[in-house]
Amino acid sequence: MSNHYDVIVIGAGPGGLACATKLAGYGKKVVLVEKADIGGTCLNRGCVPTKTLMHTADLYRTLKEDTECGLCIEGVSIDYASLKNKKEEVVSKLKDASSKGLKALKVTVLNGEATVIEPGKVVVKTENEDVELTSDAIVIATGSLPAIPPIEGVDIPTVITSDEILSQVPSFDELIIIGGGVIGMEFASLYNSLGTKVTVLEGLPRILSTMDKEISSSLSLSLKKKGVTIVTDALVSKINQEQGKTTCTYTAKNKTETISAQAVLLAVGRKVNLNSVLNPLPELDRGRAIVDDNMMSSIPGIYVIGDAAAGYPQLAHAASAQGEKVAAVLAGIPYTTDLHLVPGCVYTQPEIASVGMSEQEAKDKGLNVHVGKVPTTGNAKSVLSGDERGFIKVIADETGTLLGAQLFCSRATDMVGEFAVAIGNKLNEKQVASIIRPHPTYEESIKDALEASIKKNK
Ligand code: NAD
């Protein structure tokens, strides 16, 4: 069998999978190399397992706390072993579906660790031998790993990352989370729902610091009400083990404090390691490859997509779209999706979603914008579901063209797509508001927010 392919794709996460399957659909001869499991971080150690656990955690909270919903179930408890089984079943079903899809499209899947020797040449270390592959193009979709901060004591076994939590599904009475970004806040919300006493230590003045300010303050308030302790401007200097507990020493507001818990979760970002995949390296920006509009790195013929590509959010759906784009480029097929219009979702309770510009970003660009904002307290579906107070905010320019939206409410992550379609197609607030939405639904609040925005534009 010839070891020459049209394209070698390295990494079978959402980016690599999308790229390989699209290429095969376009009639290209593709090999997909993966050193671990099909599905990458998203399916095995990220989005899918986290959201599976959250589904159960949300049910648990509702059954325990929503005493007004008419259900009376005594003695509800979490069976962590069953929860872990459930998570594994979900991951395995989705992995099988991906493998079947690759097989149907005749994508060659090679298990092993790939190293790019030179453009067009890759060596794969498999269990039994080293296999040399050649190709016309190489796509690197090798993702990222949890970053480990340079804090004394991070090597203590009870100091863990999201990888260990999602693999073992442990129960905690108390958990300290270092980092109040997306991963930190999702795990804070998840374990708070499961009944754990959670403390978040964030180094910056606010949690979710890259998101709209009102979103961070609303989430902070909501979680604090539910018993989560959030300390901002916290500088963690040391972690150690004392009397069977893990202790964090940190300084905040010029005071040094120590807190203890069963475990400490590190959620301080993710690091990319392209060194292990190719040498010499292409041009990098903080470890991530600088790419052109076609996702090609500074080395001709080597494309980089997903978390390892600089200038894009580290999100599964961003990686998939980039993979589709590279496939289209290599097959000579037009691709029109805007890779920079990427909805961001945070699966906390309530959910958070945003797309396009925030009010601040628009103002920083010198745009003349107006904002329509409505609370969800008047939305029938929110009231009948017993949801806590949320809001939807839309940003439009003086012509009414929608520029951005931020949602803090139930089903925010499902509803943000409507705004993405509108912004991507440069629709204005009147066009989007003019559509009849079913009653009673959460999405009626979208129309309310748009109408508030139209009023502001008069
Ligand atoms: P992040 O960059 O979103 O947040 C890390 C946080 O840790 C920041 O707020 C930072 O200020 C803080 N921090 C860093 N060092 C610290 C220290 N020593 N002490 C205290 N705080 C410290 O990173 P993340 O939350 O680890 O997420 C990683 C990536 O994965 C992000 O790009 C994120 O978008 C992505 N992700 C997305 C989703 C989702 O879309 N739902 C879910 C999980 C992860």
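Let us look at the structure shown here. (Residues numbered from 1 in each chain as written. Predicted model: local features only at pLDDT ≥ 70, side-chain atom pairs only at ≥ 80, totals over all residues. Heavy atoms only, no water.)

1. A word on the sheet that holds strand β13 (residues 245-252)
Taken in spatial order, the 3 strands of this open sheet run β12-β13-β14, and their pairing is antiparallel. The open sheet is flanked by β12 (235-242) and β14 (255-261), the only strands paired with a single partner. Pairs of neighbouring strands in the sheet enclose a mean axial angle of 20 degrees, with direction left out of account. Looking at chain direction, β13 and β14 are connected through 7 bridges and run antiparallel. By the bridge assignment for β14, T247 is matched with S260. (Pairing = 2+ DSSP bridges. Helix = DSSP H or I, 4+ residues; strand = E, 2+ residues; numbered from the N terminus. Axes fitted to C-alpha atoms, helices over the stretch in contact; angles between N-to-C directions.)

2. Comments concerning the nonpolar core
One finds V9, I10, V116, L133 and I140 to be the most contacted residues of the largest nonpolar core, which totals 49 residues. Taken together, the elements giving at least two residues each to this core come down to β1 (4-10), α1 (14-25), β2 (30-34), β4 (113-118), β5 (121-125), β6 (130-140), β19 (302-304) and α8 (316-331). Sort the elements by how many residues they give to this core and β6 lands first, with 6 residues. Apart from residues lying up to four places away in sequence, I140 is in contact with I10, V116, L274, V277, L278, I302, Y303, V304 and I305. (Core = buried A, V, L, I, M, F, W, Y, C linked by side-chain atoms within 4.5 Å. Buried < 20%, exposed > 50% of the residue type's maximum accessible area, 1.4 Å probe, protein only. Contact = heavy atoms within 4.5 Å.)

3. Concerning the site of the ligand
Around the ligand sit 21 residues in total, of which I183, E186, E202, G269 and C345 are the nearest. For the ligand, an oxygen atom lies 3.1 Å from a polar atom in the backbone of V182. A distance of 2.9 Å separates an oxygen atom of the ligand from a polar backbone atom of G269. Within the complex, 75% of the 850 Å² of free accessible area of the ligand lies under protein. Considering every element that reaches the shell around the ligand, the biggest residue donor is helix α6 (residues 182-193), with 4 residues. (Near = heavy atom within 4 Å. Polar contact = N/O pair within 3.5 Å; in protein donor to acceptor, adjacent residues only side chain to side chain. Areas by Shrake-Rupley, 256 points an atom, 1.4 Å probe, with all protein chains shown as cover.)

4. Side note on the environment of C47
One can find C47 in helix α3 (residues 47-65). Given the relative accessible area of 30%, C47 is considered partly exposed. Between the C-alpha atom of C47 and that of Y347, which follows or precedes it by 300 residues, the distance is 9.3 Å. When neighbours within four sequence positions are excluded, C47 is seen to be in contact with T41, C42 and A316.

5. What to know about the pattern of salt bridges
Applying the stated rule across the entire model yields 18 salt bridges. A salt bridge links E186 to K51; the shortest N-O distance between them is 3.0 Å. On the criterion of sequence distance, the pair formed by E186 in helix α6 and K51 in helix α3 is long-range, its members being 135 residues apart. Across the pair E359 and K363 runs a salt bridge whose closest N-O atoms are separated by 2.8 Å. (Salt bridge = Lys/Arg side-chain N within 4 Å of Asp/Glu carboxyl O.)

6. Looking at a nonpolar patch on the surface
Nonpolar side chains collect at one region of the surface, where L63, L71 and I73 lie side by side and expose about 250 Å² of accessible area between them. Tracing the backbone shows L71 in the loop between α3 and α4 (80-104). (Patch = residues over 30% accessible without salt bridge, like charges linked within 9 Å, V, L, I, M, F, W, Y side chains within 5 Å.)

7. Digging into the packing of α3 against α6
Between α3 and α6, the shortest axis-to-axis distance is 8 Å and the interhelical angle comes to 40 degrees. In terms of their interaxial angle, α3 and α6 are classed as oblique. The way α3 lies across α6 gives a crossing that is left-handed. Here T50, K51, L53, M54, A57, D58, Y60 and R61 of α3 come into contact with α6, specifically with E186, F187, S189, L190, N192 and S193. The class makeup of the residues in the contact of α3 with α6 is 6 nonpolar, 4 polar and 4 charged. (Parallel < 35°, antiparallel > 145°, perpendicular 65-115°, else oblique. Left-handed = near helix turned anticlockwise from the far one by under 90°. Nonpolar A, V, L, I, M, F, W, Y, C, P; charged D, E, K, R; others polar.)

8. Focus: the pairing of strand β23 (residues 391-397)
Where burial is concerned, most of β23 is hidden: 7 out of the 7 residues are buried. Of the two faces of β23, the one holding F391, K393, I395 and D397 and the one holding I392, V394 and A396 are both buried throughout. Pairing of strand β22 (residues 369-375) with β23, which is carried by 7 bridges, proceeds in the antiparallel orientation. Across the sheet, the residue bridging to V371 is I395, located in β23. Note that β23 and strand β24 (residues 402-408) share 6 bridges and pair antiparallel. For V394, the partnering residue across the bridge sits in β24 and is A405.

9. Description of the packing of aromatic side chains
Tallied over the full model, the rule gives 2 aromatic pairs. Between F172 and Y191, the ring centres sit 5.2 Å apart and the planes meet at 55 degrees, which makes this aromatic pair tilted. Of the two residues, F172 sits in the loop between α5 (162-168) and β9 (174-178) while Y191 sits in helix α6, which places them 19 residues apart along the sequence. Note on F172: relative accessible area 10%, which makes it buried. The ring of Y5 carries the charged tip of K29 above its face, separated from the ring centre by 4.6 Å. In this structure, K373 is placed above the aromatic ring of F391, and the distance from its NZ or CZ to the ring centre is 4.8 Å. (Phe/Tyr/Trp six-rings, centres within 6.5 Å; stacked < 30°, edge-to-face > 60°. Lys NZ or Arg CZ within 6 Å of the ring centre and 35° of its normal.)

10. A word on the sheet that holds strand β8 (residues 159-160)
The strand order across the open sheet built from 5 strands is β8-β15-β9-β10-β11, with neighbouring strands paired in parallel fashion. For this open sheet the edge positions go to β8 and β11 (229-231), each flanked by a neighbour on one side alone. Taken together, the 3 bridges between strand β10 (residues 197-201) and β11 define a ladder with parallel strand orientation. Looking across to β11, one finds that V200 is bridged to I230. Contacting β9, β10, β11 and β15 (263-266), α6 runs over the sheet at an angle of about 165 degrees to β10.

11. Observations concerning the packing of α3 against α4
Packed helix pairs are characterised by how far apart their axes lie and by the angle those axes make with each other. As a packed pair, α3 and α4 sit with axes 9 Å apart at the nearest point and diverge in direction by 135 degrees. The angle between α3 and α4 falls in the class oblique. Where α3 crosses over α4, the handedness of that crossing is right-handed. Counted together, V48, P49, T52, L53 and T56 of α3 and L83, K86, K87, V90, V91 and L94 of α4 form the full contact between these two elements. For the contact of α3 with α4, a count of residues per class yields 7 nonpolar, 2 polar and 2 charged.

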